[in-house]
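Tertiary structure, described
Single-letter residue listing:
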Amino acid sequence: MKLDMEKYKKIRQAQANGARTIDELKEMTDIVIENDEERKEVEKVLQNACKCKNVSVEEVAQAVKNGADTVEKVMEATGAGSGCGRCKAGVIPSIIENKK
Ligand code: FES
């Protein structure tokens, strides 16, 4: 099952605002997760920072811990952000800011 676009956008928006877990996502949005299958899909999106380059939140957070304190440095360290560029304006700055 694929997440519908509306839910996907809500997840990415909440992620850009710092949501990293389903509980945080639920606090920040009105999202309704229908079943376990959908929960797994939501978790996958939450764990991913850059869809185009398949870079995880964990990998970006590790790069930030290792000193990448700008989007450019994160891109250099992980390869994230060199596709559509959407993550450069949302998820990546949020990980830098929150250090997670
Ligand atoms: S999602 Fe990162 S470049 Fe497209």
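For the structure, check the block above.
Calculation criteria
- Residues numbered from 1 in each chain as written.
- Predicted model: local features only at pLDDT ≥ 70, side-chain atom pairs only at ≥ 80, totals over all residues.
- Core = buried A, V, L, I, M, F, W, Y, C linked by C-beta atoms within 7 Å.
- Buried ≥ 20, exposed ≤ 12 C-beta atoms within 10 Å, placed from the backbone.
- Helix = DSSP H or I, 4+ residues; strand = E, 2+ residues; numbered from the N terminus.
- Contact = placed C-beta atoms within 7 Å.
- Expected span 1.5 Å × (residues − 1).
- Arc of directions from axis to C-beta.

Focus: the nonpolar core
Ranked by size, the top nonpolar core spans 15 residues in total, and within it Ala49, Val60, Val74, Ala80, Ile92 and Ile95 carry the most contacts. Those elements that place two or more of their residues in this core are β1 (48-50), α4 (57-65), α5 (71-78) and α7 (91-98). No other element matches the four residues that α4 contributes to this core. If we ignore the near neighbours within four places in the chain, the residues touching alanine 80 are Ala49, Cys50, Lys53, Val55, Val60, Val74, Met75, Cys87 and Ile92. Membership of the second largest hydrophobic core comes to six residues, among which are Ala19, Leu25, Val42 and Leu46.

Topic: helix α1 (residues 5-16)
Compared with the 16 Å implied by 1.5 Å per residue over twelve residues, the 16 Å span of α1 between its first and last C-alpha is a close match. Looking at α1, one finds that the buried residues are Lys10, Ile11, Ala14 and Gln15. All buried residues of α1 fall inside an arc of 135° around its axis, so they share one side. For α1, the exposed residues set more than 90 degrees away from the buried face come down to Met5, Glu6 and Lys9. Where α1 is buried, its residues meet α2 (22-28), α3 (36-47) and α7. Once α1 ends, the next one or two residues include glycine 18, with phi positive near 110°.

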